[in-house]
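# Analysis of the macromolecular model
The lines below spell out each chain.
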Amino acid sequence: MTFIFIFESLKFYKMKHERFVRLCFFCFFLLSFLFYYFPIGDTNLEPFYVQLQLSLRTRVLPSRIEDLALTHGNYLFLYSMLAMTLIKLFLSFIFSQGFVAEVEGETPLSGVLASLRSIPSLILFGLVSFVVAWFSTFLLFIPFFFFISVYYFAPYFMVRRRLSFFKAMRAARLSSKGVRLSCYLIITLYFLFFSYVTSFFDVLAAGSRLSFALISALTSTLVMLTMGRLYALVCLYFNQYVSDRSRFVAFRNPRRMFEHIEAGKPPKLDDDDINEIHAFEDEIRDRFPQLYQQMQDDRKRFDSSEEDAEPRNQSSQESSPDSAEATEVNEEERDGHDE
């Protein structure tokens, strides 16, 4: 199932709104080309690499950051690389939400606008992820991988279901239960696959500065688009096609959902899937009563988090999220007064 998702992510061009795909490809490519052709700071990191090799051989590391063989221009270049990486991740996420919006019967523009409205929550999620990654450097990034596998769906809930940061994190933790290993394998194999692809193209781009910028921009654009489509497919599969009722059904065949998407149908379970889920639950209830009770408890907690979500605006006639929150606060105050 993991490789099926990776191969399906390569079909980023398969969208009804082809103009949206072309626009994203052009913007991503132009941004990447300008960054590679006009780098910020000093790109010569060879003295630092030599120092690093000597440190590994002698097992003596620099005692202070000032002792590193890095100039101010090198630091500026590294900071620009970090900023560019974050921008690429955000643009890839925007493309994924445009694809999700189209699958759900909306326009890609609505998904882009929903992502822009959720920027505060997304920034907070990025900061938390950065802090976890920073402290995970001393533990081989194991805590960071666990954090990502648990809260992988949090940005999706922030945008598509308009949950706040804490509610989205809670919903993601409950929704990922039972499928965290699958998500981790999909992410890991995807990055391993594209690391080899980008390394191969980097060898081809070792010539002139223009060829390096063109090939690097092309590979970077393809990674952004495929990564966005992969994230959208994983979120749709584990949160819509495979509901929480089948959370413990491991490694189902996702080709049915891909067929539904290509046919313009919503990614929902059909009658055969529902019958299979009911048969599975009956078997679990008879053979593993404790596991079945755990499934029921998880489902109740997940449903309670769903009830806390604000309703999506499907037309201009619906009220705004701020007014919905105010209504909830007033109702809570009224209930407390009645008590």
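Up top you'll find the structure we're talking about.
## Structural notes on the overall build of the protein
Check the secondary structure of the protein and you find 15 helices and 0 strands. Here the protein holds 339 residues, and the buried ones make up 39% of them.

## Brief notes about a nonpolar patch on the surface
Taken together, Leu82, Leu86, Leu89, Phe130, Val131, Trp134 and Phe135 make up a surface patch of nonpolar side chains, about 750 Å² in accessible area. Those elements giving two or more residues to the nonpolar patch turn out to be helix H4 (72–103) and helix H6 (119–136). No other element matches the 4 residues that H6 contributes to the nonpolar patch. Relative to the helices and strands, Phe135 is located in helix H6.

## Points about the pattern of salt bridges
Two side chains bearing opposite charge may form a pair once their charged atoms approach each other closely. Summed over all chains, the structure comprises 5 salt bridges. Across the pair Arg22 and Glu18 runs a salt bridge whose closest N-O atoms are separated by 3.7 Å. In this pair, Arg22 and Glu18 both sit in helix H2 (residues 18–37), 4 residues apart, roughly one turn of the helix. We classify Arg22 as exposed; its relative accessible area is 52%. Put simply, Glu106 and Arg160 hold a salt bridge, and the shortest N to O gap is 3.4 Å. With Glu106 in the loop between H4 and helix H5 (108–117) and Arg160 in helix H8 (residues 154–160), this pair connects stretches of sequence that are 54 residues apart. Using a relative accessible area of 26% as the deciding quantity, one classes Glu106 as partly exposed. According to the relative accessible area criterion, Arg160 is buried, its value standing at 3%. Salt bridges sharing partners connect three or more residues here, namely Glu8, Lys11 and Arg229.

## Here's the deal with the packing of aromatic side chains
For the coordinates displayed, the defined rule picks out 25 aromatic pairs. Between Tyr37 and Phe38, the aromatic rings sit 4.8 Å apart at their centres with planes inclined by 85 degrees, giving edge-to-face as the arrangement. According to the relative accessible area criterion, Phe38 is partly exposed, its value standing at 48%. Put simply, the rings of Phe5, Phe93, Tyr152, Phe153, Tyr231, Tyr237 and Phe238 pair up and form one aromatic cluster. In this structure, Arg209 is placed above the aromatic ring of Tyr37, and the distance from its NZ or CZ to the ring centre is 4.5 Å.

## Some points on the packing of helix H1 (residues 2–9) against helix H12 (residues 255–262)
Look at H1 against H12: their axes get within 11 Å of each other, and the N-to-C directions meet at 20 degrees. Looking at the two axes, H1 sits roughly parallel to H12. Only Arg255, Phe258 and Glu262 of H12 make contact with H1, whose side of the interface consists of Ile4, Phe5 and Glu8.

## Quick word on the environment of Leu230
Here Leu230 is to be found in helix H11 (residues 209–241). By relative accessible area, Leu230 is classed as buried at 3%. Placed 138 residues apart in sequence, Leu230 and Ser92 show a C-alpha to C-alpha distance of 10.0 Å. Dropping the residues within four chain positions of it, Leu230 is found in contact with Phe5, Ile6, Ser9, Ile186 and Tyr190.

## Observations concerning H12
Taken together, the buried positions of H12 are occupied by Met257, Phe258, His260 and Ile261. The arc that holds the buried residues of H12, viewed along the axis, is 160 degrees, so those residues lie on one side.

## So, the packing of H5 against H6
Where H5 meets H6, the axes come as close as 5 Å, and the angle between the chain directions of the two elements is 65 degrees. Residues Ser115, Leu116 and Arg117 of H5 form the contact with H6, whose own contacting residues are Ile119, Pro120 and Leu122. Residue composition of the contact of H5 with H6, by class: 4 nonpolar, 1 polar and 1 charged.

## Observations concerning the nonpolar core
Core analysis: the biggest nonpolar cluster contains 57 residues, and Phe95, Phe153 and Val234 have the highest contact counts within it. Among the elements that take part in this core, H11 stands out by supplying 13 residues, more than any other. Setting aside its immediate chain neighbours within four residues, Val234 contacts Phe5, Tyr152, Phe153, Cys183 and Ile186.

## Quick word on the environment of Phe166
Note on placement: Phe166 falls in helix H9 (residues 165–175). With relative accessibility at 67%, the residue Phe166 sits in the exposed group. Distance from Phe166 to Phe125, taken between C-alpha atoms, is 9.7 Å for residues 41 residues apart in sequence.

Rules behind the numbers
Residues numbered from 1 in each chain as written. Predicted model: local features only at pLDDT ≥ 70, side-chain atom pairs only at ≥ 80, totals over all residues. Heavy atoms only, no water. Helix = DSSP H or I, 4+ residues; strand = E, 2+ residues; numbered from the N terminus. Buried < 20%, exposed > 50% of the residue type's maximum accessible area, 1.4 Å probe, protein only. Patch = residues over 30% accessible without salt bridge, like charges linked within 9 Å, V, L, I, M, F, W, Y side chains within 5 Å. Areas by Shrake-Rupley, 256 points an atom, 1.4 Å probe, with all protein chains shown as cover. Salt bridge = Lys/Arg side-chain N within 4 Å of Asp/Glu carboxyl O. Phe/Tyr/Trp six-rings, centres within 6.5 Å; stacked < 30°, edge-to-face > 60°. Lys NZ or Arg CZ within 6 Å of the ring centre and 35° of its normal. Axes fitted to C-alpha atoms, helices over the stretch in contact; angles between N-to-C directions. Parallel < 35°, antiparallel > 145°, perpendicular 65-115°, else oblique. Contact = heavy atoms within 4.5 Å. Arc of directions from axis to C-beta. Nonpolar A, V, L, I, M, F, W, Y, C, P; charged D, E, K, R; others polar. Core = buried A, V, L, I, M, F, W, Y, C linked by side-chain atoms within 4.5 Å.

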